[in-house]
Amino acid sequence: MLKRILDYHSGRGIALCRLALALVFLLVLYADPDQPVRNSSEGYLFLGGYALLSLVLLAAIWNDWWRDVTLRLPALLLDCAVFLIAIYLTESSSTDFTSPFLSSFIFIILTATVRWGWSGMAIVAGMLSLSYFAAGASLEWAGFDVELYRFGRRGTYMFLLSLILVWFGLQRRVRAVARLDLADENTGEVPVSEIAAYAMRATGSPCAYLGWWSNEDPHVLLCSIERADPVILSLPPEGLAAPADTPFALFDRPRRRMLVANADGRIRTRREAFATPLPDHYGIAEGLVIPIGSSSGKGMLILSGNRDISIDHLAMAPALAQEISAALDRQLLSHVSREAAVAHLRATLARDLHDSVAQTLAGVRFRIEALRAQVRAGADADAEFDEMKASLSNEHRNLRQMIERLRRTDLEPSMIRLAPQMQSVAGELERNWRAEVRVSTMPDNLTVPVGLAYEIQQIAREAVANGVRHGEARRFDIAVSRSAWGIDLDIRDDGRGFTGTPAPHPRTLDERARANGGYLTVCASNTGAHLVINLPDRRDS
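Only a predicted model underlies this, so the values are computations on that prediction, with no experimental measurement involved. (Residues numbered from 1 in each chain as written. Predicted model: local features only at pLDDT ≥ 70, side-chain atom pairs only at ≥ 80, totals over all residues. Heavy atoms only, no water.)

**Student:** Residue-level account of the overall build of the protein chain, with values.
**Tutor:** The helix and strand inventory of the protein chain stands at 14 helices and 15 strands. The proportion of buried residues among the 541 residues of the protein chain is 45%. Across the protein chain, contacts joining residues at least 24 apart in sequence account for 68% of those joining residues at least 6 apart. By element, 57% of the accessible surface of the protein chain is carried by carbon and sulfur atoms, the whole surface being about 28,200 Å². (Helix = DSSP H or I, 4+ residues; strand = E, 2+ residues; numbered from the N terminus. Buried < 20%, exposed > 50% of the residue type's maximum accessible area, 1.4 Å probe, protein only. Contact = heavy atoms within 4.5 Å. Areas by Shrake-Rupley, 256 points an atom, 1.4 Å probe, with all protein chains shown as cover.)

**Student:** Describe a nonpolar patch on the surface, naming the residues involved and giving the relevant values.
**Tutor:** On the surface, a nonpolar cluster with roughly 280 Å² of combined accessible area is contributed by L52, L55 and V56. Along the polypeptide, L52 turns up in helix 3 (residues 40-61). (Patch = residues over 30% accessible without salt bridge, like charges linked within 9 Å, V, L, I, M, F, W, Y side chains within 5 Å. Salt bridge = Lys/Arg side-chain N within 4 Å of Asp/Glu carboxyl O.)

**Student:** Give a detailed account of the sheet that holds strand 14 (residues 519-522), specifying residues and quantitative values.
**Tutor:** Here we have five strands laid out as an open sheet, ordered 10-12-13-15-14, and mixed in their pairing. Because the sheet does not close on itself, it has two edges, and the strands there are strand 10 (436-442) and strand 14. Strand after strand, the sheet turns through a mean of 15° between neighbouring axes, direction not considered. Here six bridges tie strand 13 (residues 487-493) to strand 15 (residues 530-535), and the two strands are oriented antiparallel to one another. If you follow L489 over to strand 15, its bridge partner there is I533. Packing of helix 14 (residues 507-515) onto the sheet brings it into contact with strand 14 and strand 15, and relative to strand 14 it is tilted by some 140°. (Pairing = 2+ DSSP bridges. Axes fitted to C-alpha atoms, helices over the stretch in contact; angles between N-to-C directions.)

**Student:** Could you give an account of the packing of helix 3 against helix 5 (residues 72-90), with specific residues and numbers?
**Tutor:** In contact at an axis separation of 11 Å, helix 3 and helix 5 are set at 160° when each is read in the N-to-C sense. Compared by their axis directions, helix 3 and helix 5 come out roughly antiparallel. As helix 3 runs across helix 5, the sense of the crossing is left-handed. Residues G43, F46, L47, Y50, L53 and L57 of helix 3 lie in contact with helix 5, whose contacting residues are A75, L78, D79, V82, I85 and L89. (Parallel < 35°, antiparallel > 145°, perpendicular 65-115°, else oblique. Left-handed = near helix turned anticlockwise from the far one by under 90°.)

**Student:** Explain the pattern of salt bridges residue by residue, including any values.
**Tutor:** Between side chains of opposite charge, pairing is possible as soon as their charged atoms come close. Applying the stated rule across the entire model yields 16 salt bridges. The salt bridge involving R482 is made with D537; its shortest N-O contact spans 2.2 Å. Of this pair, R482 sits in strand 12 (residues 475-482) while D537 sits in the segment after strand 15, placing them 55 residues apart in sequence. The salt bridge involving R492 is made with D490; its shortest N-O contact spans 2.9 Å.

**Student:** Account for the packing of aromatic side chains, naming residues and giving values.
**Tutor:** Counted by the stated rule, this structure contains four aromatic pairs. Note on W65 and W66: the rings are 6.5 Å apart at their centroids and 75° apart in plane angle, and the pair reads as edge-to-face. Just as W65 is buried, W66 falls in that class too. The ring of W62 is capped by R12, whose NZ or CZ atom sits 4.5 Å from the centre of that ring. (Phe/Tyr/Trp six-rings, centres within 6.5 Å; stacked < 30°, edge-to-face > 60°. Lys NZ or Arg CZ within 6 Å of the ring centre and 35° of its normal.)

**Student:** Describe the environment of C17, and please don't skip the residues or the numbers.
**Tutor:** Relative to the elements of secondary structure, C17 occurs in helix 2 (residues 10-31). Relative accessible area serves as the criterion here: at 40%, C17 is assigned to the partly exposed category. Linking C17 and F107, residues 90 residues apart in sequence, is a C-alpha distance of 8.0 Å.

**Student:** So what's going on with the pairing of strand 12? Which residues, and what values?
**Tutor:** Bridge count between strand 10 and strand 12: seven bridges; the pairing is parallel. The residue bridging V437 from the neighbouring strand is F476, located in strand 12. Bridge analysis of strand 12 against strand 13 gives seven bridges, and the strand direction is antiparallel. Bridge pairing in strand 13 places V480 opposite L489. In this antiparallel pair of consecutive strands, strand 12 and strand 13, the connection spans four residues.

**Student:** Before we move on, could you go through the sheet that holds strand 7 (residues 286-294) and cite the residues and values that matter?
**Tutor:** Pairing is antiparallel in the open sheet, where eight strands are placed in the order 3-2-1-8-7-4-5-6. The open sheet is flanked by strand 3 (231-235) and strand 6 (267-270), the only strands paired with a single partner. Direction aside, neighbouring strands of the sheet carry axes that sit 15° apart on average. On the sheet, helix 8 (residues 192-203) packs against strand 1 (207-214), strand 2 (220-226), strand 3, strand 7 and strand 8 (297-304) and is oriented at approximately 40° with respect to strand 2.

Here is the structure:
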């Protein structure tokens, strides 16, 4: 129960502590026959009045955030006045009475910290310390029986304690809130109901209203939760205007009251009605406004229906907005990353199918045309059919390997020797395209990651297919070597080569090189095409 009463209600806690200190001070004075040392009747009357005012302040701010803010400065001045007058009433060099100055001083300093932050607390601490020294000097100058050494000792303690509290205040300037993990982080949609529910849990509010204006979708997305399931609506752009620069605020429209939190956390009062389209749309009379901004759009969240709403919730609002914005940015980043991964996968599949399956089928069609001529001439075609069958079986195996690579989730760190792989590819290409393909690796035992070996083989397939189909080449030399930069592929043929200045880059080969972090160079040649492709050797990937 105590947690429910005081949680996010610092004003109640301050008022209760003030009343408790006043009553204890009265009780201690009454129990000590030597106190008060001066003006006994007036002292009891003054401290009794302070206890009564403390009770009135407690009742006034209990469920009224406006009074809690407007009365905080008068209440602080009252506490400081009681602190200084208590010195006059109780201090004497001939009594062992322990003055309540330290507990009162700590109460005033902590109150200033909660109300105005570390800067306000530093100002109050400095002024109160100076006032304490001035009060002691005044009593001594007036001839009262006081001990200056005691005043100096206590004043030094007060000064050191003020420095410590200022330092702690500097370390705790940002309020901590729970992390918001959106359940639908990969959908790309703004989960307005999750955001509203998160803010309701954090503040204990039974009602929430959220308007969202996306940077991409012109429609306005609305969500309302009123002690039931969320209601989500989509309005046309003209249905609800986007808010201007809306501050964090507590508002009471019927009474034309607002508390506005500045960027530095200070709270100001305004005697005006909160006028924006969202509370007009839902007919909200009182609530907490939290503006939200992120890379995907901006929104306005209004929490209402909480009778225990306080300025502590207003102080917490910037932290809530920051966490919501961070969650939305994480969602957007996840969505963009997912789209980029899908686009990369589609491009990779397109290249692999083009360089492998499509080129093999084109080679089979090329051989079928030649086989038709042989059959018409009466030649035996069994050997050709066997080779075509072997080519299709080999391509079926390559296709299964491609599917297996897509299913695999590990980073594939294993290394393989490249020479046997390239010899196998060379034989496959010679059968498919009826061309001479010679491959070499330097050094002979050159090893590369499995993924890189696959890319090199695909490049060889595409280069030979392009050379035969577009350049009428019949002979290819493919040299693979390791350089200081990575892996170099030197590909030459005896076809027509490239025409035009500058020579055009083969699109598919260029895309595959860049997708693997490398680059393609078309070299000048008088005897056909000459390509050099550089690929990084990512052994750690």
